[in-house]
Amino acid sequence: MSITEILFYAFSGVLLVSAVGVITARNPVHAALFLVFSFFNSAVLWMLLEAEFLAIVLVLVYVGAVMVLFLFVVMMLDINVAQVKEGFTRYAPLGILIALIVVAEIGSVVWVKSLGQEVTPVTAIAAEPGYSNTGALGELLYTKYLYPFELAAVILLLAIVAAIVLTMRKRAGLKQQDIGAQVSVRAQDRVRIVKMPPVIEAGEKQS
Amino acid sequence: MNGVPEFVNTLLPFLPEWIRAVVFYGVVALVLFISVILTMAFLTLAERRVIGSIQARIGPNRVGPGGLLQPFADVLKLMLKEIVIPSSSNKFLFIIAPLLAVIPALAAWAVVPLWPDGAVADINAGLLYLLALSSAGVYGVILAGWATNSKYAFLGAMRAAAQMVAYEIAMGFALVGVVMAAGSLNLGDIIERQSGGYFSYFFWWMIPLFVVYFISGVAETNRAPFDVVEGESEIVAGFHVEYSGMAFAVFFVAEYVNMILISALTSIFFFGGWLSPFEGYPLPGFLTAPGFHWLFLKLSFFLFCYLWFRATFPRYRYDQIMRLGWKVFIPVTLVWLAVLGAFFAYDIGPWSK
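In this text, all values refer to a predicted model and were calculated from it rather than measured experimentally.

So, how was this worked out
- Residues numbered from 1 in each chain as written.
- Chains lettered and ligands numbered in written order.
- Predicted model: local features only at pLDDT ≥ 70, side-chain atom pairs only at ≥ 80, totals over all residues.
- Heavy atoms only, no water.
- Helix = DSSP H or I, 4+ residues; strand = E, 2+ residues; numbered from the N terminus.
- Expected span 1.5 Å × (residues − 1).
- Buried < 20%, exposed > 50% of the residue type's maximum accessible area, 1.4 Å probe, protein only.
- Salt bridge = Lys/Arg side-chain N within 4 Å of Asp/Glu carboxyl O.
- Contact = heavy atoms within 4.5 Å.
- Buried area = accessible area lost by both parts, 1.4 Å probe.
- Polar contact = N/O pair within 3.5 Å; in protein donor to acceptor, adjacent residues only side chain to side chain.

Caption draft 1: Here's a closer look at helix H8 (residues 146-167) of chain A. Taking 1.5 Å per residue as the helical rise, H8(A) with its 22 residues ought to reach 32 Å, and the 32 Å between its terminal C-alpha atoms agrees with that figure. Among the 22 residues of H8(A), zero are classified as buried, and the element is accordingly described as predominantly exposed.

Caption draft 2: Geometry of the pattern of salt bridges. All names here are of chain B. Tallied over the entire structure, the rule returns seven salt bridges over all chains. The residue Asp74 makes a salt bridge to Arg48 at a minimum N-O spacing of 3.0 Å. Separated by 26 residues along the polypeptide, Asp74 in helix H3 (residues 70-80) and Arg48 in helix H2 (residues 17-54) bring together distant segments of the chain. Residue classification places Arg48 among the partly exposed residues on the basis of a relative accessible area of 35%. Notably, a salt bridge pairs Arg317 with Asp319, separated by 2.8 Å at the nearest N-O pair. For Asp319, a relative accessible area of 34% gives the class partly exposed.

Caption draft 3: Layout of the interface of chain A and chain B. Taken residue by residue, the interface counts 25 residues in chain A and 27 residues in chain B. Across the chain A to chain B interface the summed buried area is about 2200 Å²; carbon plus sulfur atoms make up 78%. Put simply, chain A and chain B have zero salt bridges between them. Remark: the boundary between chain A and chain B carries two residue pairs in polar contact (both at pLDDT 80 or more).

Structure (structure tokens):
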């Protein structure tokens, strides 16, 4: 067994254990942390395939941004586990069906491979000296798949704008800062200096 | 398993090839780790002396000549202190949180080129690796805040999470400009694209990006004036309010190592890293040759700026930090990326050759 294979089996083993941990952990924060851990392990598996760009971006996007916000929400909510698990028996048949489909998909890939077909001919290209996975990916994205790529970007932008619009509510009587007005304020707007002539009452002696 | 120098092979011929690589890189990583930790230790002393002299005080000068042994006295004190674990905390996460903060900060140094070809791991996607690790560093803070099971710590963790995620975006956008100019994600290539004297540095072509990057770096490391994460007057000490002894010190190691890292990266991305600013001038050899000393000088200047900021500016208010990150920095970087795009289209700048 080569060192790559040992690493592969070690990290896939940890990945499977942490994936099971995601669905069995009682505490939702622990479940989210197990998910973070499984992302790290799958990133290592991609690294072993020399897909360094995908591996690093998985950590950057999912671990660094998505899961941070996810944890943020999970920590703030006080989730009642019993309530969440209420519909378990009702949704179990659908869940089992999806699980079977996934198993069948994995099985079909293994079956095709057992027939001697190459499923992912990635190693042949990666073996070339000076091969940069990131460069190759970028070149494909910006030439062959330019329109689908741009379309995906626009859809994501639309989702961002939609999320902001949905959560922006204007309440009556809400006090808000106007930074521009604050910055451009002048001393005359805040303080009025008045000059008043002194009033001297009759009979009072001036000193 | 390439990259292992020949002397390792002659020294340890009886070991399998991959064990030789593991041993070699383990030793290299250990040396790098110790140098980073020592730099960090003296940075704490420098901070106290610099801020002291800015405030017309002396600062620590009793331990050792000129106070040089003060960091070691501090470490000894912290090591002898008890680590108190709050009874209602989540013990496993409470203990592992400082480690999660310090490991990404130290691991990021693997791809930083300290001198020509002087990176431990000279990988193609080095810049992406740095971004990924710096974004993973936020977990230490969040988990510390949550595992402590205290309202103050939790508020600090929430602030940290929102702040770090917000400023990471501005930082990433600023680096897009650097990548556009260098045409590579490898830090060594980025430096080499800036060769040709101080006027070839990317800084001159992307001053707004540099300003955004460095200020975001200050915010990302939760340093003053962006240190609301540990705002004493509001939430006592923020996420590490219940930490004591070495567990507390490890958070500080992470913070200072990140400061050094951000300073090193700023000098690499915008000021040519280990390149000499006088390259090509008729000067003595040591002034024109690239080397670690140039990176060290540039890095020290930015570290000094960190201390200078801390002694100069009052703390930002939280909503103003968020406004600066989202509504000022991100639009500024987007506009400047468009300007850079125009430079490219009309072949203006050092990259046109």
